[in-house]
Number of protein chains: 4
Amino acid sequence: MSGSGSAGTPRLPGTMVYTYLGPEGTFTEAALLQVPGADQAVRIPSASVSSALEKVRSGHANAAVVPIENSVEGGVSATLDAISVGQPLRILREILVPITFVLAVRPGMELADIRRVSTHSHAWAQCRDWAEQNIPHAEYLPASSTAAAAVGLQDPESGFDAAICAPLVASRLGLNVIARDIGDVADAVTRFILISLPGLLPEPTGADKTTVVIPLPEDRPGALMEILEHFSTRGVNLSRIESRPTGAFLGDYFFSIDADGHVSDARVADALKGLHRVSPGLRFLGSYPRADHRRAEVPPHTSDEAFEAADQWLASLIDG
Amino acid sequence: MSGSGSAGTPRLPGTMVYTYLGPEGTFTEAALLQVPGADQAVRIPSASVSSALEKVRSGHANAAVVPIENSVEGGVSATLDAISVGQPLRILREILVPITFVLAVRPGMELADIRRVSTHSHAWAQCRDWAEQNIPHAEYLPASSTAAAAVGLQDPESGFDAAICAPLVASRLGLNVIARDIGDVADAVTRFILISLPGLLPEPTGADKTTVVIPLPEDRPGALMEILEHFSTRGVNLSRIESRPTGAFLGDYFFSIDADGHVSDARVADALKGLHRVSPGLRFLGSYPRADHRRAEVPPHTSDEAFEAADQWLASLIDG
Amino acid sequence: MSGSGSAGTPRLPGTMVYTYLGPEGTFTEAALLQVPGADQAVRIPSASVSSALEKVRSGHANAAVVPIENSVEGGVSATLDAISVGQPLRILREILVPITFVLAVRPGMELADIRRVSTHSHAWAQCRDWAEQNIPHAEYLPASSTAAAAVGLQDPESGFDAAICAPLVASRLGLNVIARDIGDVADAVTRFILISLPGLLPEPTGADKTTVVIPLPEDRPGALMEILEHFSTRGVNLSRIESRPTGAFLGDYFFSIDADGHVSDARVADALKGLHRVSPGLRFLGSYPRADHRRAEVPPHTSDEAFEAADQWLASLIDG
Amino acid sequence: MSGSGSAGTPRLPGTMVYTYLGPEGTFTEAALLQVPGADQAVRIPSASVSSALEKVRSGHANAAVVPIENSVEGGVSATLDAISVGQPLRILREILVPITFVLAVRPGMELADIRRVSTHSHAWAQCRDWAEQNIPHAEYLPASSTAAAAVGLQDPESGFDAAICAPLVASRLGLNVIARDIGDVADAVTRFILISLPGLLPEPTGADKTTVVIPLPEDRPGALMEILEHFSTRGVNLSRIESRPTGAFLGDYFFSIDADGHVSDARVADALKGLHRVSPGLRFLGSYPRADHRRAEVPPHTSDEAFEAADQWLASLIDG
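Residues numbered from 1 in each chain as written. Chains lettered and ligands numbered in written order. Predicted model: local features only at pLDDT ≥ 70, side-chain atom pairs only at ≥ 80, totals over all residues. Heavy atoms only, no water.

## A word on the packing of aromatic side chains
The tally for this structure, following the rule as stated, stands at eight aromatic pairs over all chains. Between A:W124 and A:Y140 the ring centres are 4.7 Å apart and the planes differ by 0°, which places this aromatic pair in the stacked class. Residue A:W124 is found in helix α4 (residues 121–126), and its partner A:Y140 is found in strand β7 (residues 139–143); the two are separated by 16 residues along the sequence. For A:Y140, a relative accessible area of 14% translates into the label buried. The ring of C:F307 has B:R277 lying over it, and the distance from NZ or CZ to the ring centre is 3.7 Å. (Phe/Tyr/Trp six-rings, centres within 6.5 Å; stacked < 30°, edge-to-face > 60°. Helix = DSSP H or I, 4+ residues; strand = E, 2+ residues; numbered from the N terminus. Buried < 20%, exposed > 50% of the residue type's maximum accessible area, 1.4 Å probe, protein only. Lys NZ or Arg CZ within 6 Å of the ring centre and 35° of its normal.)

So this is what it looks like as structure tokens:
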């Protein structure tokens, strides 16, 4: 990894180029803006997760930010699948974004005036309670993203009077915001990842995460447990697991897993080696700092020291 | 379950009312149309998974069809979360839909004429290879669904010349289709579920699936394995597992799991009882026929007969 | 179990008859004398574990005491094997005996006079340190039991001057004891079991043990774990496990296991039912009070209440 | 290991000295005589397993043969315990001995004349069926070993007319054998081990066994399974497991385990390293050829090649 302040992103000559699941002003762009230096870099919206990753794979962008969990504007399944096949990629960091919605209206309007409101359907679902209580008579018009709704509000022909969107885009466009924090779940956050081509790994921080994709070696009771035992016997906790059907044929699966720890931790390295034996098609997607900085609890018997002691003990047996 | 042809859906007085993740003409409506009798029933599109389920909970619809896997138009995470909390619901069946895309154009247009094409961003991602080879110069305009793009094609003001959509909506609207099967993955299918209020369970067929939601009792290495052991020790195979963060606080998890078999199978019942002990907040979401009719392989030691024999043996010990 | 004071032993008409691994005066007889009423009962020594159990099976004795762990005078393997095959038997209680050795000599002798000392070879092994320091020049003559050595000391022709034996036999024979507690391990104890024909089970006390014999269903990595999972998934701790080859052919195995708890505890019953499914040749050898009265720690999720709650929950699912 | 023909035994200057659980003529000596060169070596009987091992530890013998399973003349528990503590020892090979008994009588006697028969109590137990049918009126006199009974037959004062013993001692003493193969179990065999001080390990043969002693790290449900997972996750089968109480205090345990494979096999080495982490007091007792030459079945994913491939894969991740 370069020593620059660009948080693990490869330093290409000239300006850094980032892409993200667009359009401009989405929560995904808000995630990207948390990456140090991204506010000064080139930021290109992509129409899909696939096209964002393609820009990285083809060298048209240094890195991409895409959703990995609970995204308001979708794309999670697409991310899981797109990083699991094709040219290898690496996750450099994860980014947590608070999900807060604002209601922006055309100049001069008030709540009681709103007849039509637009936003992404997921965002609408997350503001339904507020909407029923505050704008019960407003009709809903779907938009392809919260940002698209915000932009549409500036278009006299768009046909709606209000947009539910992220604070970022509202302030950037200078919209007239008349309600804030209108989401039904307080303190909601969602998670994004920064993806690049393989390069030097981010340094371990003691509060790291490792992401892997593991094809199920055999479809029978217990096969998943045999995979997970490789984590549990090394005391490695999992923070995410998802089975995904492999492409066209429902019935074959792979697992997308986030594990606590860094591949340079002996317990994680040992677990990965065990997984490689049972499922050699395993794909390593990176070791990177946790956004919440929560340090892994490492039982003494899975510390690097315990691994080193075991190695020495075994060597002593064979040397006689 | 009623004896009607309505496939496990409670028979309410009068006409059946179904809702689904809309708008009309999406793959989700195509899924609904596989439900026997649905073509004669009332079908109401919902703007979100949440609102679809709300119609069921409030009695405004008898049942809802929503995506559970790999949906072209999103909603999977929303479904997983929405059925896991709130008023209990039950899955009555799963429905597989082949994902095939068509290209519809304004009357008289040919491939070479297309300057702008619209569809849902996930659908666009799945047709990118075809698009690059066949309409490389076409600009992409996102739509909130494939059906919305199709409908927009009929609007002279929509600003695009072509839409990528499902065959269903194209034929229903009488659109001019100039290319078929343009998806990059051959034989792609996706999975939807039919959801209702709790009632009689669908009868076991020998090729069933049981869906449960299990809060992680304790966040430490091995806790997930202890959950999964309850399936593997009863020889119950899993076909889907996903961890989901519980609401606002990232770090607490529940698992959404599909297991082979029906709760009236002794091995499934026994596994569920074991899970209830370690995680009493467990939620049972239904036992229902598999769409692919693949029968579970039941090892002799997990057959109903083996459970019955074990019960009798144990009773004989205590009776002396 | 009868209400008599005979500790779980079936009350036959007339006097109770016990047998034990003899001869008289061994640690096994000392174990028998801990059984309430045994001092007033008929006590018949048997020449082997097999013959002791045969007396029980044929009705010539109501119960037998035989060693199950660490016996000074052998017989443990014989016990494990003999109770695992043939006509079913039941363990009614376990008995702990402190292993303390005394040195008895011919009248008038002192340590320095001893030229030859006799005892069972296992007892000799356990007093070697003392012997080397206190009677370094004494020659060792093996005896078939510690009691046989004690008896031989009274025979002028036996050819030895001293015997290492149990305090019981020394006091019973009125021998001249010149050293006590000469074993090399302080506080050593060993374990015996009281065996009878199947009848009413001893009542659960909260500090019980259950013994089972489980044929290995399949000889491959993981088969033993699948057996043990049935205990661990029910929170049942094991206090003893031994693999034993099955008869003539080395390579097939059964496991002899002591588990904490009583078959009338729901968690133990459930584990046994699970084991019966995977290994229907399982043999139940009894549930009986622990000699050390140590109560099992029962996690809440494996309490009888948790099992009852799970049963009710499952019934509610199926009732709809 | 030395290149001599002495089967893995350290070559000391001069003649090899072996000891064994005596007296002369037991099955244990028969086991020793299977060791190449042992018939030309010095063979010293020991009165107990402990004293045999002490001769090895003190350098008075190069190696010892002691019983490890099902021995007719006892000593198995003593062996398990004695090799598990104190100065480290190593198992160099295992030896299988067919257990066949003969009946030797004083010159001129026939079956019908026998009034008293002597042998070790375990041997008597194994010939009871034959005895009841053929010498039903004979009284049994215990001996400290089958060989002691055989020797006693030559003593006019011993008080018995017949001895049940091993063919070895009968032919060596030139006894008058009138019945052969009188054991109740056909084809019985038992297992002995050859023990020495640590030195070079026997070479792997592809049909090897590794013996370890593992203190239970924590006494709770699942702790044993965590130990065994280290074997099963590496595809290592176990052929023997025994829990043993640790010394004076019943309730703390260690496990004595035989695993298939040699410590120079990657899967065995990896399992041992895993065990060392959870239970650093682990004791390695040797890797040595199986007496039955049965080769381990090694699934591809636990082959040395799979381990090597996993090591290389992991190194490639970290190198970037």
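## Notes on the relation of the copies chain D and chain A
It takes a turn of 180° to lay chain D on chain A, together with a shift of 0.0 Å along the axis; the resulting RMSD is 0.0 Å. Viewed as a symmetry operation, the transformation between the two copies matches a two-fold axis. Distance from the rotation axis, computed per C-alpha, reaches its smallest value in chain D at D:E229: 3.9 Å. (Least-squares fit on C-alpha atoms with pLDDT ≥ 70 in both.)

## Points about the interface of chain D and chain A
With 28 residues of chain D in contact, the opposing surface of chain A contributes 28 residues. Both faces considered, chain D and chain A share a buried interface measuring about 2800 Å² in area, 68% of it formed by carbon and sulfur atoms. Where chain D packs against chain A, one counts five salt bridges. Breaking the side of chain D that touches chain A down by element, the ones donating at least two residues are α8 (223–232), α9 (266–278) and α10 (304–319) of chain D. No other element matches α10(D), which puts nine residues into the side of chain D that touches chain A. Considering only residue class, the side of chain D that touches chain A consists of 15 nonpolar, six polar and seven charged. (Contact = heavy atoms within 4.5 Å. Buried area = accessible area lost by both parts, 1.4 Å probe. Salt bridge = Lys/Arg side-chain N within 4 Å of Asp/Glu carboxyl O. Nonpolar A, V, L, I, M, F, W, Y, C, P; charged D, E, K, R; others polar.)

## Looking at the environment of A:E308
Along the chain, A:E308 falls in helix α10 (residues 304–319). Each C-alpha atom, one on A:E308 and one on A:A266, is 8.5 Å from the other, the two residues being 42 residues apart in sequence.

## What to know about the sheet that holds strand β10 (residues 189–196) of chain C
All names here are of chain C. Pairing in this open sheet of five strands is mixed, and the strands run β2-β1-β3-β10-β4 from one edge to the other. Each end of this open sheet is capped by a strand with a single partner; those strands are β2 (42–46) and β4 (90–98). Sheet twist, expressed as the average angle between the axes of neighbouring strands with direction ignored, equals 30°. Pairing analysis gives eight bridges linking β4 to β10, with the strands arranged antiparallel. Paired with V97 across the strands is T190, a residue of β10. The strands that helix α2 (residues 49–57) touches are β1 (17–21), β2, β3 (63–69) and β10; relative to β3, the one it contacts most, it runs at about 145°. (Pairing = 2+ DSSP bridges. Axes fitted to C-alpha atoms, helices over the stretch in contact; angles between N-to-C directions.)

## Comments concerning the interface of chain D and chain C
Facing 51 residues of chain D, the contacting portion of chain C comprises 50 residues. For the pairing of chain D and chain C, the buried interface totals around 4000 Å² over both sides, and the portion due to carbon and sulfur atoms is 56%. The interface formed by chain D and chain C contains zero salt bridges. Taken together, the links from chain D to chain C amount to four residue pairs in polar contact (both at pLDDT 80 or more). Those elements giving two or more residues to the side of chain D that touches chain C turn out to be α2 (49–57), α4 (121–126), α5 (128–134), β7 (139–143), α8, β12 (238–245) and β13 (253–260) of chain D. Looking at the side of chain D that touches chain C, the element that brings in the most residues is β12(D), giving eight residues. Across the side of chain D that touches chain C, the residue classes tally to 23 nonpolar, 15 polar and 13 charged. (Polar contact = N/O pair within 3.5 Å; in protein donor to acceptor, adjacent residues only side chain to side chain.)

## Here's the deal with the environment of D:G286
Within the secondary structure layout, D:G286 lies in strand β14 (residues 283–289). Here the alpha-carbon distance between D:G286 and D:T210, two residues 76 residues apart in the chain, equals 5.6 Å.

## Observations concerning the sheet that holds strand β7 (residues 139–143) of chain C
Residues and elements named next belong to chain C. Strand order in the open sheet formed by five strands is β7-β6-β8-β5-β9, with mixed pairing between adjacent strands. On the outer flanks of this sheet lie β7 and β9 (176–180), each paired with one strand and no other. Shown here is a sheet whose adjacent strand axes are inclined to one another by a mean of 30°, direction ignored. Both strand β6 (residues 116–120) and strand β8 (residues 162–165) contribute to a ladder of two bridges, which runs parallel. Following the sheet pairing, V117 is matched in β8 by A162.

## A closer look at the packing of helix α9 (residues 266–278) of chain B against helix α10 (residues 304–319) of chain C
The geometry of α9(B) relative to α10(C) is characterised by a closest axis approach of 9 Å and an angle of 130° between their N-to-C directions. It follows that α9(B) is oblique to α10(C) by the angle criterion. In the crossing of α9(B) with α10(C), the sense of the turn from one axis to the other is right-handed. Counted together, B:A269, B:L272, B:K273, B:H276 and B:R277 of α9(B) and C:A306, C:F307, C:A309, C:A310, C:D311, C:W313, C:L314 and C:L317 of α10(C) form the full contact between these two elements. Tallied by class, the residues present in the contact of α9(B) with α10(C) amount to nine nonpolar, one polar and three charged. (Parallel < 35°, antiparallel > 145°, perpendicular 65-115°, else oblique. Left-handed = near helix turned anticlockwise from the far one by under 90°.)

## Things to note about the side chain of C:N237
Here C:N237 is to be found in the loop between α8 (223–232) and β12 (238–245). Setting aside residues up to four positions removed in sequence, C:N237 forms contacts with C:D258, C:A259, C:D260, D:D219, D:R220 and D:P221.

## Describing the pattern of salt bridges
Inspection of every chain in the model, using the stated rule, returns 75 salt bridges over all chains. In this structure, D:R277 engages A:D270 in a salt bridge whose closest nitrogen and oxygen atoms are separated by 3.5 Å. Placement of the pair is D:R277 in helix α9 and A:D270 in helix α9 (residues 266–278), with the two residues belonging to separate chains. On the basis of relative accessible area, A:D270 is assigned to the buried category, the value being 9%. Two residues, B:R267 and B:D265, come together in a salt bridge whose shortest N-O distance is 3.6 Å. With a relative accessible area of 6%, B:R267 lands in the buried category. For B:D265, a relative accessible area of 17% translates into the label buried. Taken together, the shared-partner salt bridges connect A:E94, A:R191, A:K209, A:R240, A:E242 and A:D258 into one network.

## Describing unusual backbone geometry
Cis rather than trans, the peptide bond between B:G22 and B:P23 has omega equal to 5°. For B:D181, which is not a glycine, the phi torsion comes out positive at approximately 55°. Mapped onto the elements, B:D181 comes out in the loop between β9 (176–180) and β10 (189–196). Exposure remark for B:D181: the relative accessible area of 58% places this residue in the exposed category. Positive phi values are uncommon outside glycine, yet D:H293 reaches one of about 55°. Looking at the secondary structure, you find D:H293 in the loop between β14 and α10.

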